[in-house]
Amino acid sequence: MWLGPEEVLVANALWVTERANPFFVLQRRRGHGKGGGLTGLLVGTLDVVLDSSARVAPYRILHQTQDSQVYWTVACGSSRKEITKHWEWLENNLLQTLSIFDNEEDITTFVKGKIHGIIAEENKNVQPQGDEDPGKFKEAELKMRKQFGMPDGEKLVNYYSCSYWKGRVPRQGWLYLTVNHLCFYSFLLGKEVSLVVQWVDVTRLEKNATLLFPESIRVDTRDQELFFSMFLNIGETFKLMEQLANLAVRQLLDSEGFLEERAPPRPPRPHRNISALKRDLDARAKNECYRATFRLPRDERLDGHTSCTLWTPFNKLHIPGQMFISSNYICFASKEEDACHLIIPLREDADPQMVVLASQVTIVEKADCSSVLPSPLSISTKSKMTFLFANLKDREFLVERISDFLQKMPSKPSGGSRAESKASIVDAAPEPSPAPQELSEQPAGLTSPLGGLPGGRAQEAPTASQGLLRLFQRNTPVEDLGAKGAKEKMKEESWNIHFFEFGRGMCMYRTARTRELVLKGIPESLRGELWLLFSGAWNEMVTHPGYYAELVEKSMGKYSLATEEIERDLHRSMPEHPAFQNELGIAALRRVLTAYAFRNPTIGYCQAMNIVTSVLLLYGSEEEAFWLLVALCERMLPDYYNTRVVGALVDQGIFEELTRDFLPQLSKKMQDLGVISSISLSWFLTLFLSVMPFESAVVIVDCFFYEGIKVILQVALAILDANMEQLLGCGDEGEAMTVLGRYLDNVVNKQSVSPPIPHLHALLTSGDDPPEEVDIFDLLKVSYEKFSSLRAEDIEQMRFKQRLKVIQSLEDTAKRSVVRAIPGDIGFSIEELEDLYMVFKAKHLASQYWGSSRPAAVRRDPSLPYLEQYRIDAHQFRELFASLTPWACGAHTPVLAGRMFRLLDENKDSLINFKEFVTGMSGMYHGDLTEKLKVLYKLHLPPALSPEEAESALEAAHYFTEDSSSEASPLASDLDLFLPWKVQEVLQQEEREEAGNDIQDKRREEKGTSPPDYRHYLRMWAKEKEVQKETIKDLPKMNQEQFIELCKTLYNMFSEDPMEQDLYHAIATVASLLLRIGEVGKRFSAWPGRKSRDSAPDEDESPAPDPPQDPAWELQPPAAGDPQAKAGGDTHLGKTPQESQVVGEGGGGEGRGSPSQPLSDDETKDDMSISSYSVVSAGSLQCEDLADDTVLVGGDARSPVATTHGGGTVDTDWCISFEQILASILTESVLVNFFEKRVDIGLKIKDHRKVERQFSTSSDHEQSVVLG
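Let me begin by describing the structure that accompanies this report. From a predicted model like this one, the values you see are computed outputs, not experimental measurements.

**Structural notes on the overall build of the protein chain**
Part 1 of the argument: Helix and strand counts for the protein chain stand at 48 helices and 27 strands.
Part 2 of the argument: For the protein chain, buried positions account for 53% of its 1268 residues.
Part 3 of the argument: Taking all contacts inside the protein chain whose residues are at least 6 apart in sequence as the whole, residues at least 24 apart take part in 69%.
Part 4 of the argument: Entry remark: accessible area of the protein chain is about 56,400 Å², with carbon and sulfur atoms responsible for 52%.

**Side note on the pairing of strand β21 (residues 386-390)**
Part 1 of the argument: Sheet analysis places strand β13 (residues 302-312) next to β21, joined by two bridges and oriented antiparallel. Paired with Thr309 across the bridge in β21 is Ala390.
Part 2 of the argument: Where strand β20 (residues 377-381) folds back onto β21 in an antiparallel hairpin, the turn is made up of four residues, including Lys384, whose phi is positive at roughly 65°.

**Topic: the sheet that holds strand β10 (residues 204-208)**
Part 1 of the argument: One open sheet holds the seven strands; their spatial order is β9-β8-β7-β6-β12-β11-β10, and the pairing between them is antiparallel. Every other strand in the sheet has two partners, leaving β9 (191-198) and β10 as the edge strands with one partner each. Between one strand axis and the next, the sheet turns through 30° on average, direction left out of account.
Part 2 of the argument: Pairing between strand β6 (residues 156-166) and strand β7 (residues 169-178): 10 bridges, direction antiparallel. Bridging from a neighbouring strand, Ser163 pairs with Gln172 of β7.

**Observations concerning the nonpolar core**
Part 1 of the argument: Counting residues in each nonpolar core, the largest one holds 270 residues, and the members touching the most others are Phe228, Phe389, Tyr641, Trp683 and Phe917.
Part 2 of the argument: Among the elements that line this core, the one with the most residues is helix α6 (residues 234-253), at 11 residues.
Part 3 of the argument: Among all residues touching Tyr641, those that are not within four sequence positions of it are Ile603, Cys606, Gln607, Ala608, Met609, Val612, Leu632, Cys633 and Leu685.
Part 4 of the argument: Of all hydrophobic cores here, the second largest spans 18 residues; its members include Phe23, Tyr59, Val74 and Trp87.

**Regarding unusual backbone geometry**
Part 1 of the argument: Backbone torsion omega between Pro942 and Pro943 reads 5°, so that peptide bond is classified as cis.
Part 2 of the argument: Note that Pro943 resides in the loop between α37 (929-938) and α38 (952-956).
Part 3 of the argument: A positive phi is found at Leu687, a non-glycine position, where the angle reads about 55°.
Part 4 of the argument: Take Leu687: it is sitting in the loop between α23 (676-685) and α24 (694-707).

**Remarks on the pattern of salt bridges**
Pairing is possible between side chains of opposite charge, provided their charged atoms come close.
Part 1 of the argument: Taken as a whole and judged by the stated rule, the model has 42 salt bridges.
Part 2 of the argument: The closest approach of N and O atoms between Glu206 and Lys801, which form a salt bridge, is 3.6 Å. Of this pair, Glu206 sits in strand β10 while Lys801 is found in helix α30 (residues 792-821), placing the two residues 595 residues apart along the sequence.
Part 3 of the argument: On the accessibility criterion, Glu206 (13% relative accessible area) is buried.

**Structural notes on the packing of helix α34 (residues 874-884) against helix α36 (residues 914-925)**
Part 1 of the argument: Viewed as axis vectors pointing N to C, α34 and α36 meet at an angle of 25°, and their least axial separation amounts to 12 Å. In terms of orientation, α34 and α36 fall into the roughly parallel class. In this structure, α34 crosses over α36, and the sense of that crossing is right-handed. Side by side, α34 and α36 meet where Phe877, Leu880, Phe881 and Leu884 of the first sit next to Phe917, Met921, Met924 and Tyr925 of the second.
Part 2 of the argument: Looking at side-chain class alone, the contact of α34 with α36 contains eight nonpolar, no polar and no charged residues.

**Points about the packing of aromatic side chains**
Part 1 of the argument: Under the definition given, this model contains 45 aromatic pairs.
Part 2 of the argument: With 5.6 Å between their ring centres and 55° between their planes, Tyr164 and Phe184 make a pair best called tilted. Note that Tyr164 is positioned in strand β6 and Phe184 in strand β8 (residues 181-188), a separation of 20 residues in sequence. Here the two residues Tyr164 and Phe184 agree in accessibility, since each one is buried.

**What to know about the environment of Met241**
Part 1 of the argument: With respect to the helices, strands and loops of the structure, Met241 is situated in helix α6.
Part 2 of the argument: For the pair Met241 and Glu206, spaced 35 residues apart in the sequence, the C-alpha separation amounts to 9.7 Å.
Part 3 of the argument: Once residues lying within four places of it in the same chain are set aside, the contact partners of Met241 are Leu175, Leu177, Leu182, Trp199, Leu205, Ile217 and Val219.

**Describing the packing of α24 against helix α29 (residues 776-787)**
Part 1 of the argument: For the pair α24 and α29, interaxial distance at closest approach is 9 Å and the crossing angle is 35°. As α24 runs across α29, the sense of the crossing is right-handed. Between α24 and α29, the contacting residues are Ser696, Val699, Ile700, Cys703 and Glu707 on the first element and Ile776, Phe777, Leu780 and Tyr784 on the second.
Part 2 of the argument: In terms of residue class, the contact of α24 with α29 is built from seven nonpolar, one polar and one charged.

Here is what the cut-offs are and how they apply
- Residues numbered from 1 in each chain as written.
- Predicted model: local features only at pLDDT ≥ 70, side-chain atom pairs only at ≥ 80, totals over all residues.
- Heavy atoms only, no water.
- Helix = DSSP H or I, 4+ residues; strand = E, 2+ residues; numbered from the N terminus.
- Buried < 20%, exposed > 50% of the residue type's maximum accessible area, 1.4 Å probe, protein only.
- Contact = heavy atoms within 4.5 Å.
- Areas by Shrake-Rupley, 256 points an atom, 1.4 Å probe, with all protein chains shown as cover.
- Pairing = 2+ DSSP bridges.
- Axes fitted to C-alpha atoms, helices over the stretch in contact; angles between N-to-C directions.
- Core = buried A, V, L, I, M, F, W, Y, C linked by side-chain atoms within 4.5 Å.
- Salt bridge = Lys/Arg side-chain N within 4 Å of Asp/Glu carboxyl O.
- Parallel < 35°, antiparallel > 145°, perpendicular 65-115°, else oblique.
- Left-handed = near helix turned anticlockwise from the far one by under 90°.
- Nonpolar A, V, L, I, M, F, W, Y, C, P; charged D, E, K, R; others polar.
- Phe/Tyr/Trp six-rings, centres within 6.5 Å; stacked < 30°, edge-to-face > 60°.

If you want it as structure tokens, here you go:
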């Protein structure tokens, strides 16, 4: 590529001049190309160790003038072809012009200007696509692609100098981190190290320091451990590796979530040598941290942050910290974790006090500076709160950005109507919210303020427009509850004082005092409001007015698997609570769960969601419960409620790790008993609601919404710690579970004002000697005293580490499940099947890396059964087939692969799964001669032989019934790829009779509008059971053109075999014999005026006229101007000479083979053998080489009868059976040996992995002894 001219003082050091003229020099790097010797080794080593970009450009062009000692680089190239192109351009366009100049300075100035102009012209078309990476980085990316054979779609994120420890020897080199791979290259004194690891294969990634590997990064895969050290900035490198590995495992977990943030913001001033991808990843990490810290919606993007101080009026201090600004919020976080957190919404929304509109920023002004208060900034809101920030570095720019965001805010408050609705909630008899309702009747015995609905709405089911707890416990005043009531009043008063001092609503100062109040218990009257506030659900609810009502309306009446599961679990959700013993609570729970399943079909519904949601409905309206559920499932407990509960398994791993750290004595015992895996899922998924009395567990939920998962882990550790002695004495898992269950049943909340609710779990674990009661507040206090060292950042770090293990473990489980699903008669060993599965999976993932528009990438659904999760399309199958097949056919291989794919694609969706793939591979690798020939035979019949590929397929349709040729689903068993033809016709007849119902049922099932028809699956399974093993007599006969295609495949298959000549001679003999057999058979099958038994109903025309008697017609070139005849070949230009020879003998045989002039078998055999041998083996030409000079037996294949074209015919009455082909091949031992020869697929898989990524776009094919 052209380079901006840079000075070179010593032009010949480490370089060899290959071409020169008065103004330019073309040089090659020493050690690159042939030879090099010791100098080449030293130069190669220096390039790797010292210079990051020299190896990218083994060629360069320098500009020079005669009297100057200074050279200027003007171009570099990674290949001889590239650099030669630049050299020729310079010679053709500049030499003559430069010879006119007299002054050498003018020459140099002209050359530099010209080169800059060329570069600008080249970049003009590329620039609008995004900011281009600057020079050095772009060169490193080119080097990476050339060195590791990566395609253009693989983007480099960053590269670092480091050492890779091979044994105990460090190898200095360069680590390249791309979007999908970790690559390392080192070249030291002739020893080369090249590593490529896919991020999806990483099972462990950690930074550690040992005596052997000081400050190193460890990367583990399933089969190797890699150590890298001696980084200039190990922290930055490890953070980037974490991000890339996390993105990769997220892709395995959920392909949609992987593309969640397509365009994160980019900083305005890009830095040199940092890629746009690196900046994007940094921005994404900052966004995620920002949203997690302040519990903001997922679409909120951080605009910037700056250090400052915040004046806190409650303690009259200036607290140092960081200010964060985004399009909808101004946030502040103190340097001390618990000192102060603040969130100021820029928009206008309803205040949780439900009385006034508040929180919108009204005034942003720069206050007067002073020595005590430098660069102050005052922000006021409609709720008459003023926040004073100071010590701002760039106050002018900050005010400008905030003003810009405020101007974009809507002038009218979008939450006005919501405020009125919220205000109605505190009324004595509130009206239902305007959300659409399901048609169901209200129970007659329900006493609720919603009973008397105004107007026509009385006919609709009531909506839970406030917490269900208020409806079902309204008649007991707090004053009548004695000591408990007094305690509740004190809590409410404490919170009111806190609201007065620290503010109420979104703009509340959140400090250590706030946490203390939460730990003492949130009063029942404020629980719903504070849950919304602390979880961040309030932010999403006010920014999406009407969203829940719209979802309810859309999901009403829709049927899916999720709705079926929801209906099944509705009455299991807190059945002991009166709120869910009537239709009001059940209907509200149904609407919330169904709406969420409709919003997020990836999760849909998972058991335990019903228990959590029922508790949310007790303290909030339906809409509030819905948004709390969104916050829970999508932000606070990520991946908990998907089909594989990955998030809960990740936190279970964290819990095990924390148990080892904090309770080492108990850890080994718990691991031996296997208790942690049993208890943690039920504890974490339901937030202790299913294992602890309700009034106690809800206090843990209070803390969870404020602190996050940290509280759940702390309480779990405290429970184990409290029962350590008893657990150490347990002999089995059941005994340990009983100990823990009885303890949890006796965790009580003595301050609860709600009437006690019977705990079903307690009835199962009660005994004669119940343990002492444990107060929930004492348990929380102990958990904070002993395990409060847990920090949110540490938990996120541990989550990443455990996520790698969990997802890779799930992938291994999927692999084992898929391998077990493969029938035992497939022929491959378990190890070979696992290797094939990894190759198959890698090919599918490659489509997501570099070809996301392909159907395999688009249609991938992680919720599908394991066997269907990874599927490949025809293009990917061709690549795998070419590297794994034992039947290499040279240029004909893609054609054969396409036929195999059509044969395996049972449901005609242009995708095949692993079982179908292995079935095809097994047909070629295993079985006897007959089985392998059957596979090859079927590859040359419809549907494998497609009409687009060969017009002969149209003629082939007349040999079979219309249905069997067009709608056949030929995969019956794992080694027999076709159903028996007659059985298939019977099954297809049944399918036609049921087609209307079944197809409609399938479509309705996919759309989720009606229940699935399980009878359809039962019928399918019954048919699979009824299918009998196919015999060779069930195979249809092959017509002449199909036989020609088979011969063509065989000729190409033998071209690379050591016994090539003998095989050519043998197949020529067999082809000649089969052609004669077909001719003889034709005389008994059809006569003029009589329809063939196997032909189509409309084939009642006269038979084809005899071909010319001259046997030399077959290799005649077409006349000038006469279009070439197409006879159903795989190429559109013509046929190979060997095909033409075969058909010529057959055609000639028909004309000459009269009884008066018989030819002996020996004569025919010898003629055919010599003819085929001489044409095929002369240079082993491929079909493309002679396509323009030869033409196959003519004929318009579109006609149902034989036609004459260009002097030849295709005989539609000619046919041959599989038994005849098999018997003929058995006469040639060399053919029998070829097909019975065993091939080790393990070696093929190893070779495939070696060249998997070696499809570099470089056009330079020269070999180099030492890669310089």
